[in-house]
Amino acid sequence: MPIELTAQQEALLRLPEPDGFTLRLANEFRRDIPQDVAGMNDAQLLEAVRSSYDFATYELHITRIPTLVRWVELDVISNGALRNEPAVQLRIKAAANPSLAAEDLLTVLLAQTRWSD
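Residues numbered from 1 in each chain as written. Predicted model: local features only at pLDDT ≥ 70, side-chain atom pairs only at ≥ 80, totals over all residues. Heavy atoms only, no water.

> Tell me about unusual backbone geometry, and name the residues and values.
Positioned with a positive phi, His 61 is a non-glycine residue whose angle comes to about 65°. One can find His 61 in the loop between helix 4 (42-59) and helix 5 (65-77). Assessed through its relative accessible area of 30%, His 61 is described here as partly exposed. Backbone geometry places Asn 79, a non-glycine residue, at a positive phi of 60°. Mapped onto the elements, Asn 79 comes out in the loop between helix 5 and helix 6 (81-84). (Helix = DSSP H or I, 4+ residues; strand = E, 2+ residues; numbered from the N terminus. Buried < 20%, exposed > 50% of the residue type's maximum accessible area, 1.4 Å probe, protein only.)

Structural data, given as structure tokens:
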């Protein structure tokens, strides 16, 4: 009897391997946004990236890679504010498409940041 997976399970299985992917993200953040991660040593940065990645994928079910990368970046530089905000969690968890809901939220947050400058 073949194993049947839900669409969500299949999407999670298609994501890159977490250890290597989060290390690459941490390195990219260190290179691309050094001022935003300057207060963290490499181990702290890697831990923050991995925690954010795990939360986004396993708790919120964000499986679209560009959205996942943006989520992790904003969550890490905000010291976990995204994953610690109950309203954000509820909105994404209640959505029919968590990746789309997360992308909408991230777009609004980035727009507000740019408008307030």
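> Help me get a handle on the pattern of salt bridges, residues and values and all.
Under the criterion given, the structure shown has nine salt bridges. Linking Arg 50 and Asp 19 is a salt bridge whose minimum nitrogen-to-oxygen distance equals 2.3 Å. Of this pair, Arg 50 sits in helix 4 while Asp 19 sits in helix 2 (residues 18-32), and the two are 31 residues apart along the sequence. Under the relative-accessibility criterion, Arg 50 is labelled partly exposed at 23%. In this structure, a network of salt bridges that share partners links the residues Asp 19, Arg 50 and Asp 54. (Salt bridge = Lys/Arg side-chain N within 4 Å of Asp/Glu carboxyl O.)

> How would you summarise the packing of helix 2 against helix 5 if you had to cite specific residues and measurements?
It is the contact of helix 2 with helix 5, at a shortest axis distance of 11 Å, that shows an interaxial angle of 55°. Relative to helix 5, the element helix 2 is oriented oblique. Considering the relative orientation of helix 2 and helix 5, their crossing is right-handed. Contacts between helix 2 and helix 5 pair Phe 21, Leu 25 and Phe 29 from the former with Ile 65, Leu 68, Val 69, Val 72 and Glu 73 from the latter. The residue makeup of the contact of helix 2 with helix 5, split by class, is seven nonpolar, no polar and one charged. (Axes fitted to C-alpha atoms, helices over the stretch in contact; angles between N-to-C directions. Parallel < 35°, antiparallel > 145°, perpendicular 65-115°, else oblique. Left-handed = near helix turned anticlockwise from the far one by under 90°. Contact = heavy atoms within 4.5 Å. Nonpolar A, V, L, I, M, F, W, Y, C, P; charged D, E, K, R; others polar.)

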